[in-house]
Each structure stands twice: as C-alpha cells, then as structure tokens.
Amino acid sequence: MSTQTTQAALIQKVDDYIAAQAKLDLLRFITCGSVDDGKSTLIGRMLYEAQMIFEDQVTSLRSDSKRMGTQGGEIDFALLVDGLAAEREQGITIDVAYRFFNTDRRKFIVADTPGHEQYTRNMVTGASNADVAVILVDASQGVLSQTRRHSFVVSLLGIKHVVLAVNKMDLVGFKQQVFDDLVLDYQKFADKLTFESITAIPLSALLGDNVIERSAHTNWYKGPTLLGYLETVEVRQAQLDHAFRFPVQWVNRPHADFRGFAGTVVAGSASRGDAVRVLPSGEMAHIKDIVLYENNLQQCVADQAVTITLDREVDVSRGDLLVTSDAPCEVSDQFEVTLVWMDQEQGFIGRSYWLKLGSQRVNASITDIKFKYDINNLEEMSAKSLHLNEIGRATLKLDKPIAFEPYANCRAMGAFVLIDRYSHATVSAGMIAFALRRASNVHTQALTVDKAARATMKGHRGKVIWFTGLSGSGKSTLANAAEKALYERGIHTYILDGDNVRQGLNKDLGFTAADRVENIRRIAEVAKLMADAGLVVITAFISPFRSERDMARSLFDAGDFIEVFVDTPLNIAEERDPKGLYKKARRGELPNFTGIDSPYEPPLAAELTVSTGEMTVEECVGLLVKFV
Amino acid sequence: MPDYALTHLKELEAESIHIIREVAAEFDNPVMLYSIGKDSAVMLHLTMKAFYPGKPPFPLMHVDTTWKFGEMIKFRDTLAERLGIKLLVHINEDGVRQGIGPFTHGSQKHTDIMKTEGLKQGLNKHKFDAVFGGARRDEEKSRAKERVYSFRDQHHRWDPKNQRPELWNIYNSEHNQGESIRVFPISNWTELDVWQYIHMEAIPIVPLYFAKPRPVVKRDGTWIMVDDERMPLKEGEVPEMKMVRFRTLGCYPLTGAVESTATTLPEIIQEMLLTTTSERQGRLIDHDGAGSMEQKKREGYF
C-alpha cells in the first residue's frame, strides 16, 4: 500500500470516528456513598479504564499516591477525583466534583458527591441534574443508615433509575449469598421510595471486577457490568413524551420585523404551526418559526435552546411560559413543597425570600413548616425551623401566581431555589408537591367599601409608622409623642407596642429567634388590618432583623409603610437602660438580648432616620408627621 | 436513544446557550472574556447562536499581555470586525511602563502583572458585574468543582469553601454593587467536545493550532517559537524550522509547541486521541506543584 492510500484510509477512519462520536448521547449520573465505600476509587477506576487519564496525570498520581501512602505504594485512584487542597489533606470529599468520560456508546458526566450527613446539600446539588444514581454499598458492611439516607435523597430528587453497586466483593470472597442477602435487605427499604428500577451489581472498584469487564469471580451473576448498564439505560423518554413546556428567557427584538422568544424547551416538543398558550396571561397563538441560528427548524424537542416566533402579536416577557394549548399547566400562588435547607442561617415560618423557578422570580414566604424528615429512617418530626442540611415539608405563599407543575411530574416545572434577599445566598432547594388551591379559581370578594372609601371618610390614608432600634433607643417615647402630635391634627391613630401585644395576642411566644420572627409577623398582619380600616398605626418594637421588617413592608402598598430607624448608639442606649434590661443581659440573665448576644441589623433604606442623641423629641416628631 | 433525542454536542450546546441568555437577562453589565483560543472561539460561536438574528448584547474583552502571538492579534481584530461585535482590549499600561515581560521578569511575575492584574484593572474600569470565561471543568482538578456561576468578592477573590449551591439549571445572579460573578458556560465540555464542535460547525480558529514549519528553539524540554525580535537568544542558540503546532495559546514565550504533522481538524482530533499528555502541560505556569491552580484562582487569576 502506498503511503498516500494509508493516509487516505487513516483520514477516513478518523472521519468515521468523529461521525460516530457526534451521534452519541449524554448520560449524567451521580455516585453516592461515603469515602469508605470506595466511591472515588470507583470513579478513578472508570476514568482510568476508559483511558481518560493522561500519562502526566498518572505520573503525578503515582507520586501523590506514594506521598499520601494510602494504598501501600499502589495507585490510589481516589486521588484523581478529590480535587481541592483541603480535601486532599483531610481525606474527604467536601464538594461536588464533575468528571467526564466516554465510551463508544455514550458520553458521561459524573457528579461525585460527599457522603457525610453534613454534606447533604452537596449531594442534593449533584443529584439535581442526574439521570441515574449509583449508590455504593460496602459488601462487608451491608445496608447502613447512610445507604438509606442517600437513597432517600436520590428518590426525593426524582431520580427513577438506580444502581445498587455492591462494592468490595473481594472482601467477602465474592460470595453470592452475601450479595443476595444485601440486595433483599435493600429492596425491603426501597419499596417506600419511588424508583422505577433498581439494578444491583457485585463489584470490586479496587480490583476492577464487573466495572467494565465481566468478572471471573462472579459466575453466578448474570446482569450487566456497571459500565454496560450505564451505556444502555434509557432515561429521557418521559421528558420527551411530556406536554410542551417552554419558559421564556429573553425577548429577542433586534429590529422591528423580528420578535422572537428565546428559551430552552424543558419538556415535550413542538412543531411549526402548533397552537400554544401563553401563561400566566392565557393568550393563544400559533408557532410561526423555530429559529436556531441560521436554521429554521421544523420541530424543537426537550433540552433544545431555540427562539420561537408567533403568528400574532401577543404580550410575552421573561418569566412567561409557552405551553401546548391542549394541556396547559396550573397557575397558583400557594404551595406545599419539600425544602432542602442549604444555609447556615435557618429558615423560619414567616420569613420571606426570593423564589426562582425557571425564569420566574417572585417573593415567597414560608407560611408553615409541617414537619422535617429524620433522613435516616424517613420519620416525620415536628419542626419550627429548618437548619442546614435538613429536609422538610412546608407551605409557601407567593406575592403573585406562577405557572408550575408538581416536581414529580416534570422536574423543570416544579424545581425552585429560595434566595436570601440580603446575603444573596441560595438558602434552599425546593420541589413543589402540589398547589394548595388554584389561584385562578379564587376571586377576592369585591367590597364596595374599600380602603380608598374609608380614607375618604377619615380624611387621611391608613398607614403604618414602623419604629425600629435598640432597646432604650427611644422608640416608645417617640411613638407616644408622634401619636399625640397626630391626634392633635385629627388623625386616627393606634400604638402597638410590647405592653399591649406581648400580654395578649402574642403571650404564647418567647424570645427564641423563631418566636421573634413569628412575633413580628403577627404584629405586621394586625397593623395591616388596622391600616386597612383607616388607622395610622404606630409600632414600637426592636424588630432587629431586616427580613422581618421587609416582610412587614411587603404587606403594604408603596408609601404606606414608613420605616423609622431610631439610631441610638449601643453605649447611649445602655447608659439610659430605662428598664434595667441591659444590666440583666450583661449578667447573662436575659439570653438573646439584642445588641448584647443577638445582632441588630440596621435598615439599609429607612424612610427616616432619627438620632435621639443629637435631636430633640420635637424635632424628630416634626420630621415624622410630614410622612402622614 | 430515541431518534428525536439530542446528541451530546447538541445538548451541551443548548446548555451553554441557556446559560449565556440567563446572564444577558439578569445582569446589568456583562462582558465576555475573549482569549482568542479555541475555547473562546466555541464560546463566542455559542453566543452568536444564542442571540441570532440579533447581536450579542454585551462586548468582548481581551486582556492583552503584549506578548501574545502576532497571529492571535491579527485573528482577533479580523474576527471582531467580521462579526460586528464590540471588542475592548485592555493592556496593563503600568506594567508596560515598567517594561514587564516574561524574559526579563520571569513567567510568574509577568503573568501576575500583565494577566491577573491587567484583568482586574479591565474589570474595575468598566464595572462589569458578570464576566464570561471559557474555562472547562475537565482542564484541571480544582476546576472540576467550580460552579457555572462563580461568585467573586469586591477584590475578585474566589472562596472555594463558600460556593453557592447550584441546582438544576437555576442560577443565582444576586450580587451587591462591586461584587461580580464569573460565568463559565462551557464548564461541561471536554477538550474532545470542543474540537468536535469546531469541526461540526466549521468555526474559524487561529492557524497556530495547525501544524506548519515554524522557527523554534528548545527550552526546558519544550519548543518555544521565536515569534518576534523581542525573544533573546542564548549563546549558541539558533532557531530551527520545525513542523509544529500549539495545543493551547497564550503568551508565546510561555507556550510550548508540539511537533506535529496535523494540518486539518480530523488530524488534530486523531492526534489528540493518541496523545498521552493532558492539555495543560503546554502551559508552563501550572508546573509548580499540586494545588497551584487553586492558589492562583483564590488570588484572582481567572
């Protein structure tokens, strides 16, 4: 053969390879199990055997393995996978690491997540995008509480297909009885979960048995090898068969002749000419074109990012949804949800957050926490708040209705995150279970006597003046002086303060953080009713947390909530100490006392800030009455 | 797979386009860092797709260390003009005045001042709140754990212990003034995916990726190209013409060439499949021990 024909044959071979590779689809899976189960070793082994590790990486791996001395001089595959320096030192996987490999049948993205209970949030993160979960169990240990915990989280995140990877079979002499007993034990527990298939495989990640090559040690096992299973499992059909769902991300309007709606199809498919409904408005139109760069497509399918144009001018903006007209989804503003708490700052009933679902962003407050799970045995336990890594059931109320589906029916339409408005942290992952009522069915009874009518009768609008500041800052003094000044002007007022609220309405509440949140929530709701009735309500509470003051503000129309920050430095307030409380707190007799051992968060944009150290009461009140 | 399901490249493409559009929708002042390399080429192509028939609603920025290959600069300027998008070029002028360069000050100091510091200057100057980068998770161990949205404080620092959880395809774009978010839309692409996609979509790339006879000298076991007259030759060192190409592109004195005969994309892909060293080995800055990239990123290196 001449060199030229060899060259031509080679090019043909490469072209064929590229063409074949281009046709592969993608499987995302998660591995769970603790370090001791050999999870990182298993991933390292798969990468190594799929030849995704380069020579220089193997060299550095050999020297790392020697230095660490974890495998007696042998290659420690786990070191390939455990990335961050801190983790290498502690010998644990803290975060989620993503690994990539491919075979001739599929491309794979592996999310490797930590096993310890304190990293549940990382596991949830890894599971959120996974099609399949590989749950590792140490054959010599059997099903442990952490196996159950991982399975529960995986099931909760809607993963339908799991592999029970029974690892370290070499330690139990590859005995079938051990494997069978363990699988039976697992099945009994998994009956409570929502898996469609469980595939149990006997393995040794360390030695490579049944990872890629069928093991000679397990002749009694007739099922697939781990990779054989991952190469063939079918996972996307349900998403493709679902009704068409398309959240609009971006309105593309480069010139007057083109108005397209850009987004990613999250479920189902649609073709040119199909009738679609815009949610939440409910308007109807037909798909004119499906644009993907220079191509005009006949059809778009789940996971595809396209730009859709419609046959008529309808009002559509980011956050809206295009859905198939014959199977639109529900719209609601109250839900029962599952929350996975992900922040150090715990979640309380009454707290309000930003909720992001698809391209929709709304305000949401937790109206109830029904229970939290003991994630080791799925028992329901009562809870007033959710701590980091806790999973619970709660109800949410939104400030406007959103289009959704239960998470179990359609992941992308029921998955959301909660974001703290001040720290901007992603505090919780959430999954919608069901709507508490259909917002579309609820019509607020139209009252002929409304707030405006009452305002006209009284000659002024109902409002709230919300004082906030440290104990002893002068809130009550100012509130009383303000009420007197307003009364003199013929304005109908009422003061809510500790004396009349703590002894009645809120006498069941203490001073824990959870109770403080609830205390303010009730006060805000009462103030809202009174303001609606036409009163100017004056509240005088420390109300130390921004979240609660903001929640109160969100109940009122713009301009009807006047936040007044009584800005008195701690040393002055403590010097005044009108009720002797600071002295008690300093002696440790009053735990959770604001300013001493509980924080005060000053307002970022109060309507008015008064400094009682520098201004007289009359001056302060003079500034205040201008707002009413 | 069902015949109407997406292939992995189509799925990666869609995921990246989704991310790019999210940023455009939620940030006030995004910018795309354009390094002129193959990963940037893919990222830019995806961006053109995301907003077609419109143009991307944000500019490109190139941090020019003044030591890039001449061919890169030529390619950059032609491309920006052809696509009709705004290109900002930032050079650390303080560094230029001090005469900073890899030959006189060493690779580390040069990179610190002209690249890392230059980048911070450029970002501060325009007050960008979102910055696209073409990093991939398969490049390096510490990148395997980075989020798609990577939060940076006011000093552009990354805190690996305090990353925001990132679930489903929901991204948290909230930030205070002065803080910014680095966005990596091609996080989930591998080097092979990048080459395949360039091939499939016929994306133009800098000719330096293809083998050609080029003047090179051997330094520390690596072929360094004599790209211009600023390169000081050691005694007895004579540039020789070798058939070479580059697997990564950066400052020419810091970028090793590999001997190759690959002059077409299929040949490059074939060479890649047979190769036994990982991509970043061509970059001299990664060689100071395990964990060095993580250290650089904490300090603000991209």
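Residue numbering note: each chain is counted from 1, following its sequence as written. Following the order in which they are written, the chains are lettered starting with A and the ligands numbered starting with 1. Owing to the predicted nature of the model, reporting of local features is limited to residues with pLDDT of at least 70; listing and counting of side-chain atom pairs is limited to 80 or more, with chain, interface and lining totals taken over all residues. For the side-chain quantities, the full set of heavy atoms in the structure was used; hydrogens and water were omitted.

Participant: Just checking my understanding: could you explain the packing of helix 2 (residues 38-51) of chain B against helix 6 (residues 191-201) of chain B for this structure?
Facilitator: A pair of packed helices is captured by two measures, namely the crossing angle of their axes and the spacing between those axes. Residue and element names in this part refer to chain B. Helix 6 packs onto helix 2 with a crossing angle of 55° between their chain directions and a minimal axis gap of 10 Å. As summarised for this structure, helix 2 and helix 6 are arranged oblique, according to the angle between their axes. Helix 6 is crossed by helix 2, and the crossing has left-handed handedness. Judged by residue contacts, Lys38, Asp39, Val42, His45, Leu46 and Lys49 of helix 2 engage Glu191, Val194, Trp195, Tyr197, Ile198 and Glu201 from helix 6. Fitting a line to C-alpha atoms yields each axis, with helices limited to the stretch in contact; the angle taken between N-to-C directions then spans 0 to 180 degrees. Numbered from the N terminus, helices here are DSSP runs of H or I no shorter than four residues, and strands are runs of E no shorter than two. Roughly parallel refers to an angle under 35 degrees, roughly antiparallel to one over 145, roughly perpendicular to one between 65 and 115, and oblique to any angle outside these ranges. Should the near helix be turned counterclockwise from the far one by less than a right angle, the crossing is left-handed, whereas a clockwise turn marks it as right-handed. Two residues qualify as a contact provided that any one of their heavy atoms is within 4.5 Å of a heavy atom in the partner residue.

Participant: Looking at this structure, I do not really get the sheet that holds strand 4 (residues 132-138) of chain A. What am I missing?
Facilitator: What holds strands together in a sheet is hydrogen bonding between their backbones, with the strands either parallel or antiparallel. Residues and elements named next belong to chain A. A strand pair is defined by DSSP finding two or more bridges across the two strands. Strand order across the open sheet formed by 6 strands is 2-3-1-4-5-6, with mixed pairing between neighbours. Lying at the two open borders of the sheet, with one neighbouring strand each, are strand 2 (97-102) and strand 6 (197-202). Neighbouring strand axes in the sheet, compared pairwise and without regard to direction, differ in orientation by 25° on average. Alignment of strand 4 against strand 5 (residues 161-167), held across 7 bridges, turns out to be parallel. Within strand 5, the position partnered with Ala133 by the bridge is Val162.

Participant: Explain the packing of helix 1 (residues 8-26) of chain B against helix 6 of chain B to me, please; I cannot follow it from the model alone.
Facilitator: Residues and elements named next belong to chain B. For the pair helix 1 and helix 6, interaxial distance at closest approach is 11 Å and the crossing angle is 95°. With respect to their mutual orientation, helix 1 and helix 6 come out roughly perpendicular. Residues His8, Leu9, Lys10, Leu12 and Glu13 of helix 1 form the contact with helix 6, whose own contacting residues are Asp193, Gln196, Tyr197, Met200 and Glu201. Taken together, the residues of the contact of helix 1 with helix 6 break down into 4 nonpolar, 2 polar and 4 charged. Think of it as three bins: nonpolar holds Ala, Val, Leu, Ile, Met, Phe, Trp, Tyr, Cys and Pro, charged holds Asp, Glu, Lys and Arg, and polar takes everything else, Gly as well.

Participant: Would you mind going over the packing of aromatic side chains with me for this structure?
Facilitator: Aromatic ring pairs are reported here in terms of the distance separating the ring centres and the angle at which the planes meet. Any two rings among Phe, Tyr and Trp, with Trp reduced to its six-membered ring, count as a pair given centres within 6.5 Å; such a pair is stacked if its planes are under 30 degrees apart, edge-to-face if over 60, and tilted if neither. Scanning all chains against the criterion turns up 27 aromatic pairs over all chains. Between Phe371 of chain A and Tyr373 of chain A the ring centres are 5.2 Å apart and the planes differ by 90°, which places this aromatic pair in the edge-to-face class. In this structure, Phe371 of chain A and Tyr373 of chain A share a single accessibility class: buried. When the ring of Tyr149 of chain B is compared with that of Tyr171 of chain B, the centres are 4.9 Å apart and the planes differ by 20°; the resulting orientation is stacked. Pair noted here: Tyr149 of chain B is in strand 5 (residues 149-152) and Tyr171 of chain B is in the loop between strand 5 and strand 6 (180-183), with a separation of 22 residues, a long-range link. Taken individually, Tyr149 of chain B and Tyr171 of chain B each receive the classification buried, so the pair is uniform in this respect. An aromatic cluster is present here, built from Trp67, Phe69, Phe103, Phe246 and Tyr252 of chain B joined pairwise through their rings. Just above the ring of Trp354 of chain A sits the side chain of Arg361 of chain A; from NZ or CZ to the centre is 4.1 Å. It is Arg546 of chain A that lies over the ring of Tyr422 of chain A; its NZ or CZ is 5.5 Å from the centre. Buried, partly exposed and exposed residues are distinguished by accessible area as a fraction of the type maximum, computed with a 1.4 Å probe on protein chains only: under 20%, between the cut-offs, and over 50%, respectively. Geometrically, a charge over a ring is one whose NZ (Lys) or CZ (Arg) sits within 6 Å of the ring centre while staying within 35 degrees of the ring normal.

Participant: Looking at this structure, how should I read the confidence of the model for chain B?
Facilitator: Residue and element names in this part refer to chain B. Across the chain, each position has a pLDDT score giving the predictor's confidence in that residue, from 0 to 100. Mean pLDDT over chain B: 87, with 88% of residues reaching 70 or higher. Ranking the elements of chain B by mean pLDDT puts helix 8 (residues 292-299) last, at 53, and strand 1 (residues 30-33) first, at 97. Counted against residues more than four places away or in other chains, residues 279-291, with its pLDDT under 50, gives 33 contacts. Interface confidence in the predicted complex, given as ipTM, is 0.88; pTM for the same model is 0.78.

Participant: So what exactly am I meant to see when it comes to unusual backbone geometry here?
Facilitator: Excluding glycine, residues mostly carry a negative phi; peptide bonds, for their part, are mostly trans. A cis geometry characterises the amide bond from Leu279 of chain A onward to Pro280 of chain A, with omega recorded as 5°. Note on placement: Pro280 of chain A falls in the loop between strand 10 (275-279) and strand 11 (284-292). A cis amide bond links Tyr52 of chain B with the next residue in sequence, Pro53 of chain B, at an omega value of 5°. Note on placement: Pro53 of chain B falls in the loop between helix 2 and strand 2 (60-63). Although it is not a glycine, Asn210 of chain A sits at a positive phi angle of roughly 60°. Secondary-structure assignment places Asn210 of chain A in the loop between strand 6 and helix 9 (226-232).

Participant: Is there a simple way to explain the sheet that holds strand 8 (residues 222-225) of chain B in this structure?
Facilitator: All names here are of chain B. Pairing in this closed barrel of 4 strands is antiparallel, and the strands run 7-8-10-9 around the ring. Between one strand and the next, the sheet's axes are offset by a mean angle of 75°, whatever the strand orientation. Relative to strand 10 (residues 256-259), strand 8 is paired through 2 bridges, and the arrangement is antiparallel. Bridge pairing in strand 10 links Trp223 to Ala257.

Participant: How should I be thinking about helix 3 (residues 70-83) of chain B in this particular structure?
Facilitator: Structurally, the α-helix is built with 3.6 residues per turn, so residues lying three or four positions apart point the same way. Residue and element names in this part refer to chain B. In this model, helix 3 (14 residues) spans 21 Å end to end at C-alpha, consistent with the 20 Å of a helix rising 1.5 Å per residue. Listed as buried for helix 3 are Met72, Phe75, Arg76, Leu79, Ala80 and Leu83. Each buried residue of helix 3 sits inside an arc of 125° when the element is viewed along its axis, so together they form one side. Relative to its buried face, helix 3 has exposed residues pointing more than 90 degrees away, namely Lys74, Thr78, Glu81 and Arg82. At its buried positions, helix 3 is contacted by helix 2, strand 2 and strand 3 (87-90). Positive phi appears at Gly84, one or two residues downstream of helix 3, with a value of about 70°. Multiplying 1.5 Å by the helix residue count minus one yields the expected span of that helix. Relevant arc is that of directions from the helix axis to the C-beta atoms, nothing else.

Participant: Would you take a moment to explain the pairing of strand 8 (residues 258-264) of chain A for this structure?
Facilitator: Strand residues, when the strand is regular, have side chains that alternate between the two faces of the sheet. All names here are of chain A. Among the 7 residues of strand 8, 6 are classified as buried, and the element is accordingly described as predominantly covered. In terms of strand pairing, strand 7 (residues 245-255) meets strand 8 through 5 bridges, oriented antiparallel. Bridging across to strand 8, Val248 finds its partner in Gly263.

Participant: It is not clear to me how the pattern of salt bridges should be interpreted in this structure. Could you clarify?
Facilitator: Pairs may arise between side chains of opposite charge once their charged atoms sit close together. Every case where a carboxyl oxygen of Asp or Glu lies within 4 Å of a side-chain nitrogen of Lys or Arg is listed as a salt bridge. All chains considered together, the criterion is met by 48 salt bridges over all chains. The closest approach of N and O atoms between Arg236 of chain A and Asp131 of chain A, which form a salt bridge, is 3.1 Å. With a gap of 105 residues between them, Arg236 of chain A in the loop between helix 9 and helix 10 (237-241) and Asp131 of chain A in the loop between helix 6 (120-128) and strand 4 connect regions that are remote in the sequence. The burial state of Arg236 of chain A is the same as that of Asp131 of chain A; both residues are buried. Salt bridges linked by common partners bring Arg28, Asp131, Arg236 and Asp303 of chain A together with Glu11 and Glu15 of chain B together as one network.

Participant: Which parts of the structure should I look at to understand the nonpolar core?
Facilitator: Within soluble globular proteins, side chains that are nonpolar tend to cluster in buried spots. By nonpolar core is meant a set of buried Ala, Val, Leu, Ile, Met, Phe, Trp, Tyr and Cys residues that side-chain atoms within 4.5 Å join together. Ranked by size, the top nonpolar core spans 80 residues in total, and within it Val42, Tyr149, Trp189 and Trp195 of chain B carry the most contacts. Here Val42 of chain B is in contact with Ile186, Trp189, Val194, Tyr197, Ile198 and Ile203 of chain B, once residues within four sequence places are set aside. Counting residues in hydrophobic clusters, the runner-up holds 49 residues, among them Val154, Leu193, Met342 and Ala429 of chain A.

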